[in-house]
Amino acid sequence: MDAERTVGMNRFLKYFFIAWAINLVLFFILTAYLGGDAINGKIIDGRYFLASHGRLTEVSHRVFVYSEVHTVIFIALGVLAMPLAILANRQNKKRRH
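Nothing here was measured: the structure is a model prediction, and the numbers come from that model.

Account for the overall build of the protein, naming residues and giving values.
When helices and strands are counted, the protein shows 2 helices and 3 strands. For a compact globule of 97 residues, the expected C-alpha radius of gyration is about 13 Å, and the protein comes in at 18 Å, more than 25% above that figure. Out of the 97 residues belonging to the protein, those deemed buried represent 26%. Long-range pairs, those at least 24 residues apart, make up 53% of the contacts in the protein with a sequence separation of at least 6. Charge separation in the protein, taken as the distance between the mean sites of 12 positive and 6 negative side-chain charges, equals 13 Å.

How would you summarise the sheet that holds strand β3 (residues 55-59) if you had to cite specific residues and measurements?
Across the sheet, which stays open at both edges, the 3 strands sit in the order β1-β2-β3 with antiparallel pairing between neighbours. Unpaired on one side and paired on the other, β1 (37-44) and β3 mark the two borders of the sheet. Averaged over all adjacent pairs, the angle separating strand axes in this sheet is 35°, with direction ignored. Direction of pairing for β1 relative to strand β2 (residues 47-52): antiparallel, over a ladder of 4 bridges.

I'd like to hear about the packing of aromatic side chains, residue by residue, with values.
Scanning all chains against the criterion turns up 6 aromatic pairs. Arranged with centres 5.5 Å apart and planes meeting at 80°, the rings of phenylalanine 27 and phenylalanine 28 form a pair that is edge-to-face. Phenylalanine 28 gets classed as partly exposed once you look at its relative accessible area, which sits at 49%. An aromatic cluster of three or more residues is present, and its members are Phe12, Phe16 and Phe17.

Can you lay out a nonpolar patch on the surface for me, pointing to particular residues and giving the numbers?
A cluster of nonpolar residues, Tyr15, Ile18, Ile22 and Leu26, forms a patch on the protein surface that exposes about 390 Å² of accessible area. On the secondary structure map, tyrosine 15 appears in helix α1 (residues 3-34).

I'd like a rundown of the side chain of aspartate 37, residues and numbers included.
With respect to the helices, strands and loops of the structure, aspartate 37 is situated in strand β1. Buried and unpaired, aspartate 37 has arginine 55 as its nearest opposite-charge partner, separated by 11 Å. Side-chain polar atoms of aspartate 37 contact the backbone nitrogen of isoleucine 39, separated by 3.0 Å.

Tell me what's going on with the pairing of β2, and back it up with residues and numbers.
Pairing of β2 with β3, which is carried by 5 bridges, proceeds in the antiparallel orientation. Each residue of the ladder has a partner; that of phenylalanine 49, found in β3, is glutamate 58.

Break down the nonpolar core for me, with residues and values.
In this structure, Leu13, Phe16, Ala81, Leu84 and Ala88 together form the largest nonpolar core, which totals 5 residues. Contributing elements (two or more residues each) for this core: α1 and α2 (61-96). Element by element, the count of residues in this core is highest for α2, at 3 residues. Those residues in contact with alanine 81 that lie beyond four places of it in its chain are Phe16, Phe17 and Trp20.

Cut-offs applied
- Residues numbered from 1 in each chain as written.
- Predicted model: local features only at pLDDT ≥ 70, side-chain atom pairs only at ≥ 80, totals over all residues.
- Heavy atoms only, no water.
- Helix = DSSP H or I, 4+ residues; strand = E, 2+ residues; numbered from the N terminus.
- Rg over C-alpha atoms; globule rule 2.2 N^0.38 Å.
- Buried < 20%, exposed > 50% of the residue type's maximum accessible area, 1.4 Å probe, protein only.
- Contact = heavy atoms within 4.5 Å.
- Lys, Arg positive; Asp, Glu negative; His and termini not counted.
- Charge placed at Lys NZ, Arg CZ, Asp CG, Glu CD.
- Pairing = 2+ DSSP bridges.
- Axes fitted to C-alpha atoms, helices over the stretch in contact; angles between N-to-C directions.
- Phe/Tyr/Trp six-rings, centres within 6.5 Å; stacked < 30°, edge-to-face > 60°.
- Patch = residues over 30% accessible without salt bridge, like charges linked within 9 Å, V, L, I, M, F, W, Y side chains within 5 Å.
- Areas by Shrake-Rupley, 256 points an atom, 1.4 Å probe, with all protein chains shown as cover.
- Salt bridge = Lys/Arg side-chain N within 4 Å of Asp/Glu carboxyl O.
- Polar contact = N/O pair within 3.5 Å; in protein donor to acceptor, adjacent residues only side chain to side chain.
- Core = buried A, V, L, I, M, F, W, Y, C linked by side-chain atoms within 4.5 Å.

Here it is, written out as structure tokens:
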């Protein structure tokens, strides 16, 4: 990999992990504040509930959809983080040698 591509990849990895960390913190803060997440929640008789540790919290449709989307993004970024962490580790090892 040439130097320019390596710098670009390192920059991408840096910004990805910053975004991932911010999203991680926001997810946990907002999930605690809202009373759970929609993926574990339920829709019962047209009413929307977030769930956390077996406790249901009724929310509006908008909050439910927001929570659903944010949870999916949170999971997707987490799945991407592992192979990207391996890639970043390889990049760092190459730089040291």
